[in-house]
Amino acid sequence: GSIVAGFLQRKTVEADIKIVTHIDYYLDTSIVLSVLGLDSEENIIYARDLVRIILESGSTPCVHALTLREIYRILQRVEYDQAPKPGTSIQHAWAEQNLCLSDILKIKSNIEQKLQNEFNISVTTLSASRLDEIEDKYRNNMDVKALAEERGTQGEDKLRDIHDVYMRDCVQKINKDKGGLSLENQSAYFVSLNKDMIAFANRVGQLESVIHASRVVMSLWIHSSSSEKIQTLALTETMSRCFALNQTDVRRKLRLFHRQYTDGMFTKDDVSNMYTSLIR
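The text that follows walks through the structure, step by step, so that each part is easy to find. (Residues numbered from 1 in each chain as written. Predicted model: local features only at pLDDT ≥ 70, side-chain atom pairs only at ≥ 80, totals over all residues. Heavy atoms only, no water.)

## Re the pattern of salt bridges
So, step 1. Enumeration according to the criterion identifies 17 salt bridges in this entry.
So, step 2. The salt bridge involving Arg168 is made with Asp169; its shortest N-O contact spans 2.9 Å.
So, step 3. A relative accessible area of 6% places Arg168 in the buried class.
So, step 4. On the accessibility criterion, Asp169 (21% relative accessible area) is partly exposed.
So, step 5. It is possible to trace a salt-bridge network through shared partners that takes in Arg69, Arg73, Asp132, Glu135 and Arg139. (Salt bridge = Lys/Arg side-chain N within 4 Å of Asp/Glu carboxyl O. Buried < 20%, exposed > 50% of the residue type's maximum accessible area, 1.4 Å probe, protein only.)

## Considerations on the pairing of strand β1 (residues 24-27)
So, step 1. The two faces of β1 match: Asp24 and Tyr26 on one face and Tyr25 and Leu27 on the other face are all buried.
So, step 2. Note: β1 against strand β2 (residues 60-63), 3 bridges, orientation parallel. By the bridge assignment for β2, Tyr26 is matched with Cys62.
So, step 3. Pairing between β1 and strand β4 (residues 188-192): 4 bridges, direction parallel. Within β4, the residue paired with Tyr25 across the bridge is Tyr189. (Helix = DSSP H or I, 4+ residues; strand = E, 2+ residues; numbered from the N terminus. Pairing = 2+ DSSP bridges.)

## Considering the side chain of Lys108
So, step 1. The residue Lys108 is located in helix α6 (residues 101-108) in this model.
So, step 2. What makes Lys108 buried here is its relative accessible area of 14%.

## Here we look at helix α9 (residues 142-151)
So, step 1. Considered for burial, the residues of α9 that qualify are Val144, Leu147 and Ala148. Along α9, the residues classed as buried sweep out an arc of 100° about the axis, all on the same side. Exposed residues pointing more than 90 degrees away from the buried face of α9 are listed as Met142 and Glu149.
So, step 2. Of the surrounding elements, those touching the buried residues of α9 are α8 (128-138), α10 (159-177) and α11 (195-201).
So, step 3. In this structure Asn141 caps α9, since a side-chain oxygen of it lies 2.7 Å from the backbone nitrogen of Asp143.
So, step 4. Just beyond α9, the residue with positive phi is Gly152, at close to 75°. (Arc of directions from axis to C-beta. Contact = heavy atoms within 4.5 Å. Polar contact = N/O pair within 3.5 Å; in protein donor to acceptor, adjacent residues only side chain to side chain.)

## Focus on the nonpolar core
So, step 1. Ranked by internal contacts, the top residues of the largest apolar core, which has 39 residues, are Tyr25, Leu115 and Val191.
So, step 2. Ranked by the residues each element gives to this core, the list is headed by helix α3 (residues 41-56), at 6 residues.
So, step 3. Setting aside anything within four residues of it in sequence, one finds Tyr25 in contact with Ile54, Ser59, Thr60, Pro61, Cys62, Tyr189, Val191, Ile211, Val216, Ser219 and Leu220.
So, step 4. Core analysis: the next-biggest nonpolar cluster, separate from the first, contains 24 residues, Leu159, Tyr166, Ile198 and Phe200 among them. (Core = buried A, V, L, I, M, F, W, Y, C linked by side-chain atoms within 4.5 Å.)

## Regarding the sheet that holds strand β5 (residues 210-212)
So, step 1. Here 5 strands make up an open sheet; going across it, the order is β3-β2-β1-β4-β5 and the pairing parallel. On the outer flanks of this sheet lie β3 (122-123) and β5, each paired with one strand and no other.
So, step 2. Pairing analysis gives 2 bridges linking β2 to β3, with the strands arranged parallel. If you follow Cys62 over to β3, its bridge partner there is Ser122.
So, step 3. Set on the sheet, α3 makes contact with β1, β2 and β4; between it and β2 the angle comes to about 130°.
So, step 4. Docked against the sheet, α10 engages β1, β4 and β5, running at close to 155° with respect to β4. (Axes fitted to C-alpha atoms, helices over the stretch in contact; angles between N-to-C directions.)

Remember that the coordinates give geometry; whether it matters functionally is a separate question.
This is how it looks when you write it as structure tokens:
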């Protein structure tokens, strides 16, 4: 009912819409790290289920070259520090899977091939010079600065903020160039788990080209995937997402707790009580 109501409320209606049935879903960095196995077991299962669902629907999971660059730098930082930062997804995998530095280096040296050969993910390739041009162009972009300010990351490496704003612009350009002016004929999305970034990216008033991973199944339905298949895929996606997001929420709370404890905001009694509460 809400879907029908949403269509009826649209200001403009195209009587002869040619529905795009093949969609390119560009995956955000955190999802790709999970696909690569660098996360909790629940998040790994969810990310790989998401990729499988996209493939089974006849669409394409994609990873942009700039996303690969961001992942490479994250792993490069792990190599430099000789271990992942506490509270990160990679640190969770490090402890849970008993990983060592050589495991991280093996993944870092083989990311593109692993994504393509093991998971059938399409990888967009760009030259290093072209990626440098993108970084230089977006470094002083107003949206990049605004996103960094919201995140409190001013003065840090801006690649994360550059990546997110660029990917928004990238999928919007793909849709515009292919005439994707309505929901049904968009041909590309950027898929993320970061709700704050998604809200930021979609403020511009255009059609939403940046979506949460939970909306992929609905997107497939809109673009004419079989309803019988969608029913099965929706159940699988919902179950794995619930497990994954619960695990992520716990990790986020523990990271917040660790930071506040390090800053000396709690007594030892507070530590005991709050830790018990956070892991429930």
